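Given next are the chains, with one letter for each unit.
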Amino acid sequence: MDLLENIPLAQYTTLGVGGPARWFAETRDEQDVLAAVRFARSHNVTFFILGGGSNLLVSDRGFPGVVIRIASDALAIHDFKESGTAIVEADAGVEWDAAVRAAVEHNAAGIECLAGIPGSVGGTPVQNVGAYGQEVSHSIVSVHALDLVSEKVVHLSASDCGFSYRRSIFNTTQRNRYAITRVVYSLKLDGPPHLEYRDVKHFFAGRANAQPTLAETADAVREIRARKGMLLATAPGAQPDPDSRSAGSFFKNPVVLAADLPRLAVIAGRRVDEVPQFPPGSWTSTSGEMVKLSAAWLIELAGFHKGFNAGRAGLSSKHVLAIVNRGGATASEIVALRDAIVDRVQAKTSIRLEQEPVTLGFPPMNSCH
């Protein structure tokens, strides 16, 4: 394992902002990770595990500790035809969309609607990555990780991971305890694609394709994401979409009590059934029925629009949910726009949006508005 010094981190993030890491280590296995962690501890500095950088906002000052980038990239798919199951074993450094492509080509269903999401496999359990009606928690069997407390390799079952909407133990109760090195997924061989989400339904309704294949569904999701500026991949030699220089969806869709819908409808001047709402997923409450709202709808209700300009930072011209770096933006400019959106949405609706990207190198008071 080589330790590099003062490496700019912006190049390792899809948002493209942030200062340097004091030390930077690229690791291939658990022993490399452990060596980097021990180096950080021996120098009395903190460390950060870096994956694909697609859900990360780095401060302008950078990070004064050790950034550990996991680069292992083995991927294997095993068939169990008796049970109609395909088991996908993917190292944490595997590009997530490559894992989706491999599964779809194998005719294994369960993650086709997660196509086109930037980042690496290791990040998927952390945020319980989800889109268009699927979450990785629906297919994860186990997460292999280095326990940074015991310094031992552990295998966590899906139930051990505490999955809920955009949450797991890895970003809540056990944050910074585990370095994920491999994830195992169970998919359905020859299973049908998941076509429950509105955008996906509309896509195929317009093409008179009532029974799309897994590959057609995954391609449709990529096209939908591209329209919203949420797809980084481009054709060889093509210029990247300027709207894609982002951290993806910057805000989580809030989950609220269904009893709040009439109040929001009055604020918006709409009928209750016109308020965009979705099933709450794994969220439950003893206070009553829950629904998931559209953060994008709330942002527009607060007066922001597609293409909103805040200097070198702004909102995507395709989707208000993405804060984009228009070129040369600083992390402080991204944070200023984030705070303005959160404040105005709360003033308008009494709902406080929560950001999705992880922050690195910020003071605790500014890491989460």
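Structure: see above.
Now for a quick tour of the structure. (Residues numbered from 1 in each chain as written. Predicted model: local features only at pLDDT ≥ 70, side-chain atom pairs only at ≥ 80, totals over all residues. Heavy atoms only, no water.)

Looking at the secondary structure, you find glutamate 112 in the loop between strand S8 (108-109) and helix H3 (124-127). One buried charged side chain, glutamate 112, makes no salt bridge at all; its nearest oppositely charged neighbour is arginine 222, positioned 10 Å away. For glutamate 112, the contacting residues outside a window of four places in its chain are Val100, Val104, Gln134, Pro192, Pro193, His194, Leu214, Thr217, Ala218 and Val221. (Helix = DSSP H or I, 4+ residues; strand = E, 2+ residues; numbered from the N terminus. Buried < 20%, exposed > 50% of the residue type's maximum accessible area, 1.4 Å probe, protein only. Lys, Arg positive; Asp, Glu negative; His and termini not counted. Salt bridge = Lys/Arg side-chain N within 4 Å of Asp/Glu carboxyl O. Contact = heavy atoms within 4.5 Å.)

Another point: the sheet that holds strand S14 (residues 255-257). One open sheet accounts for three strands, arranged S14-S16-S15; its pairing is antiparallel. Looking along the sheet, the strands with just one partner apiece sit at the ends: S14 and strand S15 (277-278). Where S15 and strand S16 (residues 290-293) come together, two bridges link them in antiparallel fashion. Note that in S16 the partner of phenylalanine 278 across the bridge is lysine 292. (Pairing = 2+ DSSP bridges.)

Okay, the nonpolar core next. If you look at the biggest cluster of nonpolar residues, it comprises 44 residues, and the most contacted ones within it are Trp96, Val121, Phe170 and Tyr185. Element by element, the count of residues in this core is highest for strand S13 (residues 178-189), at six residues. Not counting residues within four places of it along the chain, the set of residues in contact with valine 121 comprises Ala90, Asp91, Ala92, Val94, Trp96, Ala99, Val183 and Tyr185. With 41 residues, the next largest nonpolar core counts Leu15, Ala296, Leu337 and Val345 among its residues. (Core = buried A, V, L, I, M, F, W, Y, C linked by side-chain atoms within 4.5 Å.)

What follows concerns the packing of helix H2 (residues 96-105) against helix H5 (residues 214-227). A pair of packed helices can be characterised by two numbers: the angle between their axes and the separation between those axes. At a minimum axis separation of 9 Å, H2 and H5 run at an interaxial angle of 155°. If you check the angle between H2 and H5, you find them roughly antiparallel. Seen along the crossing, H2 lies across H5 with a hand that is left-handed. Touching Asp97, Val100, Arg101 and Val104 of H2 are Leu214, Ala215, Ala218 and Arg222, all from H5. Classifying every residue of the contact of H2 with H5 by side-chain character gives five nonpolar, no polar and three charged. (Axes fitted to C-alpha atoms, helices over the stretch in contact; angles between N-to-C directions. Parallel < 35°, antiparallel > 145°, perpendicular 65-115°, else oblique. Left-handed = near helix turned anticlockwise from the far one by under 90°. Nonpolar A, V, L, I, M, F, W, Y, C, P; charged D, E, K, R; others polar.)

Here the focus is the sheet that holds strand S17 (residues 309-310). Taken in spatial order, the three strands of this open sheet run S17-S18-S19, and their pairing is antiparallel. Every other strand in the sheet has two partners, leaving S17 and strand S19 (323-325) as the edge strands with one partner each. Of the pairings in the sheet, the one linking strand S18 (residues 313-315) to S19 comprises three bridges and is antiparallel in character. Across the sheet, residue alanine 313 finds its bridge partner in S19, namely asparagine 325. Seen against the sheet, helix H8 (residues 331-349) touches S17, S18 and S19 and runs at an angle of roughly 40° to S18.

A word on the packing of aromatic side chains. Tallied over the full model, the rule gives nine aromatic pairs. Plain terms: the ring middles of tryptophan 23 and phenylalanine 39 are 5.3 Å apart, the flat faces sit at 80° to each other, and that makes the pair edge-to-face. A residue pair is termed long-range when its members are at least 10 positions apart, and tryptophan 23 in strand S2 (residues 20-27) and phenylalanine 39 in helix H1 (residues 30-42) qualify at 16 residues. One aromatic cluster in this structure is built from Tyr132, Tyr197 and Phe278. Against the face of phenylalanine 203 rests arginine 207, its NZ or CZ located 3.6 Å from the ring centre. Residue placement shows arginine 344 over the ring face of phenylalanine 304; its charged tip is 4.0 Å from the ring centre. (Phe/Tyr/Trp six-rings, centres within 6.5 Å; stacked < 30°, edge-to-face > 60°. Lys NZ or Arg CZ within 6 Å of the ring centre and 35° of its normal.)

Enumeration according to the criterion identifies 21 salt bridges in this entry. The salt bridge involving glutamate 354 is made with lysine 252; its shortest N-O contact spans 3.1 Å. With glutamate 354 in the loop between H8 and strand S20 (358-360) and lysine 252 in the loop between H5 and S14, this pair connects stretches of sequence that are 102 residues apart. A salt bridge links arginine 312 to glutamate 333, with the shortest nitrogen-to-oxygen separation between them at 3.3 Å. You can see arginine 312 sitting in the loop between S17 and S18 and its partner glutamate 333 sitting in helix H8, a full 21 residues away along the chain. Of the residues examined, arginine 312 reaches a relative accessible area of 39% and is grouped as partly exposed. Three or more residues joined by partner-sharing salt bridges are found here, namely Asp97, Arg101, Asp219 and Arg222.

We now examine unusual backbone geometry. Of note in the backbone geometry, asparagine 6 takes a positive phi value of approximately 55° without being a glycine. Following the sequence through the fold, asparagine 6 ends up in strand S1 (residues 3-8).

By themselves, these figures tell us nothing about what the structure is for.
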